[in-house]
Amino acid sequence: MTQHPSVVDDAISKSLLAEIGKQGGTRNFPAHAILINEGDDTDSLYIVLSGRVKAYASSEEGRDVVLGEMGPGEYFGELSFDGGRRSVSVMALEPTSCRVVPGEQLRQFLADHPDFAVHLAVKLSRLVRRLTEQVKSLALQDVYGRMVRVLMELSDPVDDERIVRQKLTQQDIADRVGSSREMVNRVLKELATGGYVSVRDGRHVIHRKLPAAW
């Protein structure tokens, strides 16, 4: 039975993962390996079996902007369906194993498994929404506003606090908000001084509601 789009997760179901896992082959990548380079003309789909990767875009000056991260059960490379070149680069954040499905096999899989076609359509819709929000944030918010958005998106409520799920360096945050590490450092120091944010076991902790502006 086709899953309703409103309950589709970014990770595909175990049954679909098992079916598409019969396609292509498995590849292992060490931490910091580049799986996809921006501008490549390949069309394979990568399904993360273990590990974690990040998708990012680079400027001519060498500055990176992180567009998202993916873990087990999630996939990337679907934007090459239109025959265009890769629009982003993808790097392994830790040792990662992927099932790599060539474009030709993937197109046949889509025809044979409408559930995956539905999942892909919803995922692409979510991607457009997320990137639209990022563009709006870059255009309309200052660095502080963008930092608040990222910290809230990447954190979960625990008792009366919010704890960021991942251990993020100041450079990691800078890459996500399109700013310099020095600016992020300054804002975090001021938030720490005000008792809003601290670092516990390598993770940022938000102790109370962050100010609307700084």
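What counts and what doesn't
- Residues numbered from 1 in each chain as written.
- Predicted model: local features only at pLDDT ≥ 70, side-chain atom pairs only at ≥ 80, totals over all residues.
- Heavy atoms only, no water.
- Pairing = 2+ DSSP bridges.
- Helix = DSSP H or I, 4+ residues; strand = E, 2+ residues; numbered from the N terminus.
- Salt bridge = Lys/Arg side-chain N within 4 Å of Asp/Glu carboxyl O.
- Buried < 20%, exposed > 50% of the residue type's maximum accessible area, 1.4 Å probe, protein only.
- Polar contact = N/O pair within 3.5 Å; in protein donor to acceptor, adjacent residues only side chain to side chain.
- Contact = heavy atoms within 4.5 Å.
- Core = buried A, V, L, I, M, F, W, Y, C linked by side-chain atoms within 4.5 Å.
- pLDDT = per-residue confidence, 0-100.
- Axes fitted to C-alpha atoms, helices over the stretch in contact; angles between N-to-C directions.
- Parallel < 35°, antiparallel > 145°, perpendicular 65-115°, else oblique.
- Nonpolar A, V, L, I, M, F, W, Y, C, P; charged D, E, K, R; others polar.

Colleague: Hey, could you run me through the sheet that holds strand β8 (residues 96–101) in this one?
Modeller: Taken in spatial order, the four strands of this open sheet run β1-β8-β3-β6, and their pairing is antiparallel. Sheet topology places β1 (25–29) and β6 (75–76) at the edges, where each strand pairs with a single neighbour. For strand β3 (residues 45–50) and β8, the ladder comprises five bridges, and the chain directions are antiparallel. Bridge pairing in β8 places S50 opposite S97.

Colleague: Got a minute to help me understand the pattern of salt bridges in this structure?
Modeller: Counted under the stated rule, the structure contains nine salt bridges. D156 is paired through a salt bridge with R165; the nearest N and O atoms lie 2.9 Å apart.

Colleague: Could you clarify how one ought to interpret the side chain of E78 in this entry?
Modeller: Inspection of the secondary structure assignment puts E78 in the loop between β6 and β7 (89–92). Residue classification places E78 among the buried residues on the basis of a relative accessible area of 5%. Among the polar contacts made by the side chain of E78, one reaches the side chain of K123 at a distance of 2.9 Å. In this structure, E78 is in contact with L45, L120, K123, L124 and L127, ignoring residues within four places of it in sequence.

Colleague: In this structure, what is going on with the pairing of strand β5 (residues 64–70)? I would like to understand it.
Modeller: Bridge count between strand β4 (residues 53–58) and β5: six bridges; the pairing is antiparallel. Across the sheet, A57 pairs through a bridge with V65, a residue of β5. Counted between consecutive antiparallel strands, the loop separating β4 from β5 contains five residues, among which G62 sits at a positive phi close to 95 degrees.

Colleague: What should I look at first to understand the nonpolar core in this one?
Modeller: Considering soluble globular proteins, one finds that nonpolar side chains tend to be buried as a cluster. Counting residues in hydrophobic clusters, the biggest one holds 20 residues, and the most contacted among them are M147, I173, V184, L191 and L210. If you list the elements that add at least two residues to this core, you get α4 (143–153), α5 (170–177) and α6 (181–193). Non-local contacts of L191, meaning those with residues more than four positions away in its chain, are made with Y144, Y196, V197, L210, P211 and W214.

Colleague: In this structure, what is going on with α5? I would like to understand it.
Modeller: Since the α-helix advances by 3.6 residues per turn, residues separated by three or four positions end up pointing in the same direction. I173, A174, D175, R176 and V177 are the residues of α5 that are buried. At the C-terminal side of α5, G178 shows a positive phi close to 70 degrees.

Colleague: So what exactly am I meant to see when it comes to the confidence of the model for the chain here?
Modeller: In low-pLDDT segments, the atomic positions of the prediction should not be examined closely. With 93% of its residues at a pLDDT of 70 or more, the chain shows a mean pLDDT of 86. For the stretch residues 1–8, pLDDT sits under 50, and the model shows 13 contacts to residues farther than four places along the chain or on other chains.

Colleague: Quick question: what am I supposed to make of the packing of α4 against α5 here?
Modeller: Pairs of packed helices are described in terms of their axes, by the angle between the two and the distance that separates them. For the pair α4 and α5, interaxial distance at closest approach is 9 Å and the crossing angle is 110 degrees. It follows that α4 is roughly perpendicular to α5 by the angle criterion. For the pair α4 and α5, the contacting residues are R146, M147, R149, V150 and L151 in the first and I173, R176 and V177 in the second. Here the contact of α4 with α5 is composed, by residue class, of five nonpolar, no polar and three charged.

Colleague: How should unusual backbone geometry be read in this particular structure?
Modeller: Working note: non-glycine residues mostly have negative phi, and peptide bonds are mostly trans. Residue H32 is not a glycine yet carries a positive backbone phi of 75 degrees. Mapped onto the fold, H32 is located in the loop between β1 and β2 (34–36). The class for H32 is exposed, based on a relative accessible area of 60%. Phi is positive for D201, which is not a glycine, with a value near 55 degrees. Summarising the element assignment, D201 is placed in the loop between β11 (197–200) and β12 (203–206). According to the relative accessible area criterion, D201 is exposed, its value standing at 66%.

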